[in-house]
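So the chains spell out like this:
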Amino acid sequence: MGLTGIQIFKLLPKTNCGDCGVPTCLAFAMNLASGKAELDKCPHVSDEAKEQLASESAPPIRPVTIGTGDLAVKIGGETVLFRHEKTFVNPPGLATVVSTDEDDPSVQGKIDRFKECQFDRVGLLLKSEMFVVSDTSGDGAKLTALAKKVSDATGAALVLKSDNVDALKSAAGELKDRKPLIYAATSANVDALGELAREVACPLAVKGDGTLESVIALTEKLTGMGLKDLVLDTGTRDLKKAFEEQIKIRRAALKDKFRPLGFPTILMANEMAEGLMEEALVAATFVAKYGGVIALSDLQPHVMFPLFLERLNIYTDPQRPMTAEQGIYPINNPDENSPVLVTCNFSLTYFIVSGEIESSRVPAWLCVQDTEGLSVMTAWAAGKFSGESVGQFINKCGIKDKVKHQKIVIPGYAAGISGELEEELPGWSVMVGPREASQIPKYLKGWSSS
Ligand code: SF4
């Protein structure tokens, strides 16, 4: 909430009646300011104050959802300028542009690549989520048919793009249940597209003439018409200027609480570059700052994978390490004679170690201890991967019932815990494994339970 407790207090009835569950209006105001209470708990607040408090409590950048179901893309809703301040919450949707002037094999190729271009990474599926369906001839029937084809085949969230209002009316009317983003209201068609977006209840992009002033004029007009779900395209196609505008928009929304720019943005990387590789560089720029939807002319694995990773890294909460669940992971169908390895639950460590074990084809048990997402060395230094903690985990986790040998392999970087661990696990041999995960296959091939 933007208002302080004292500012909120000034808007409350100040009768201290206690009906809200706390004894005074000031205490209630403080709870509201810290997000611990909701305004409707006070039955006596005036309509005027309600309106003011509701608008003040709205997020500085409106969250907008495009599409429905599993592939719906939520953008906006950000509250910080820099990821290290808190976290970025809604990653940009990565979209592929498909046009009505493309032939069937080209369209089908993009649909196929959309489905195939997916990567498993630290337990997450990295993939594209959107298509920009672009009309090049003003033909509403063609735009609708292509959008349906793409949507039916992929389930992707859609951006319906046309300069022709009638074409957009036709496509948005047919596909309104799939909540496409209508692209784009300009100074020439703002009334008609504002009306359309309201009628079909879909989000609407605005496109300026290359200035922020033109965007502001459009959003003010559309919010005046009652529209809330807007997405901004300044119209700029020069990378440097577009980059600066993204920062100005974000700063204006967050620092100045300037509502006309308090919306997520859409960037047409395909219109700012020549060739897919250059588009990828443009897209990478706006993944970092501060794109909501980023469109490329095609999707190819060698282009998308780095973008997916960049997006994952930037939109991962830096204060919460990614973790794997504590437990025993059987890999390659282990039995009672298979080696037992132990590691930490930092997600990246888990996936690298389990991947190396899997590729070795040696059946093994991987015991993953909860180290609060810290890597082996950090957890060891912090006392969360000590001989005592690992010993307690091994004693409790149930691995002793699964094997008949008494050997455990610890990570090479945690060699220092071996003595203490042997004390915790009487009768067990503690073996120090390789430091680098890449050496695990070789190590396991030479391992013997006897
Ligand atoms: S219910 Fe409203 S008027 Fe009564 S104490 Fe709470 S905030 Fe004040």
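Small disclaimer: the values here were computed from a predicted structure and weren't measured.

Asks: What's the story with the overall build of the protein in this structure? I'm lost.
Replies: Each helix and strand in the protein was counted, giving 16 helices and 17 strands. Taken over the C-alpha atoms alone, the protein extends approximately 80 × 70 × 35 Å along its principal axes. A separation threshold of at least 6 residues defines the contact pool for the protein, and within that pool the share at least 24 residues apart is 66%.

Asks: I tried to follow the site of the ligand on my own but got confused; where do I start?
Replies: Close contacts around the ligand come from 13 residues, with Cys-17, Asp-19, Cys-20, Cys-25 and Cys-42 the closest. Here the shell around the ligand is built from residues that sort into 7 nonpolar, 5 polar and 1 charged.

Asks: Even after reading the chapter, I still don't get helix H14 (residues 387–397), so can you show me in this structure?
Replies: At 3.6 residues per turn, the α-helix brings residues three or four places apart onto the same side. For H14, the complete set of buried residues consists of Gly-387, Ser-389, Val-390, Gly-391, Phe-393 and Ile-394. Summarising the contacts, the buried residues of H14 are in contact with strand S14 (340–344), strand S15 (364–369), strand S16 (407–410) and helix H15 (418–424). Among the residues trailing H14, Gly-398 stands out with phi positive, at a value near 100 degrees.

Asks: Would you mind showing me how to read the pairing of strand S8 (residues 181–185) here?
Replies: On a regular strand, one side chain projects to one face of the sheet and the next to the other, so that they alternate. Burial analysis of S8 places 5 of its 5 residues in the buried class, the great majority of the element. Pairing geometry for strand S7 (residues 157–161) and S8, over 3 bridges, is parallel. Residue pairing in the sheet places Val-159 in a bridge with Leu-181 of S8. Remark: the S7/helix H6 (residues 165–175)/S8 crossover connection has right-handed handedness. For the segment spanning S8, helix H7 (residues 190–200) and strand S9 (residues 204–207), crossover handedness is right-handed.

Rules used in this analysis
- Residues numbered from 1 in each chain as written.
- Predicted model: local features only at pLDDT ≥ 70, side-chain atom pairs only at ≥ 80, totals over all residues.
- Helix = DSSP H or I, 4+ residues; strand = E, 2+ residues; numbered from the N terminus.
- Contact = placed C-beta atoms within 7 Å.
- Near = placed C-beta within 6 Å.
- Nonpolar A, V, L, I, M, F, W, Y, C, P; charged D, E, K, R; others polar.
- Buried ≥ 20, exposed ≤ 12 C-beta atoms within 10 Å, placed from the backbone.
- Pairing = 2+ DSSP bridges.
- Right-handed = clockwise from strand over helix to strand, strands pointing away.

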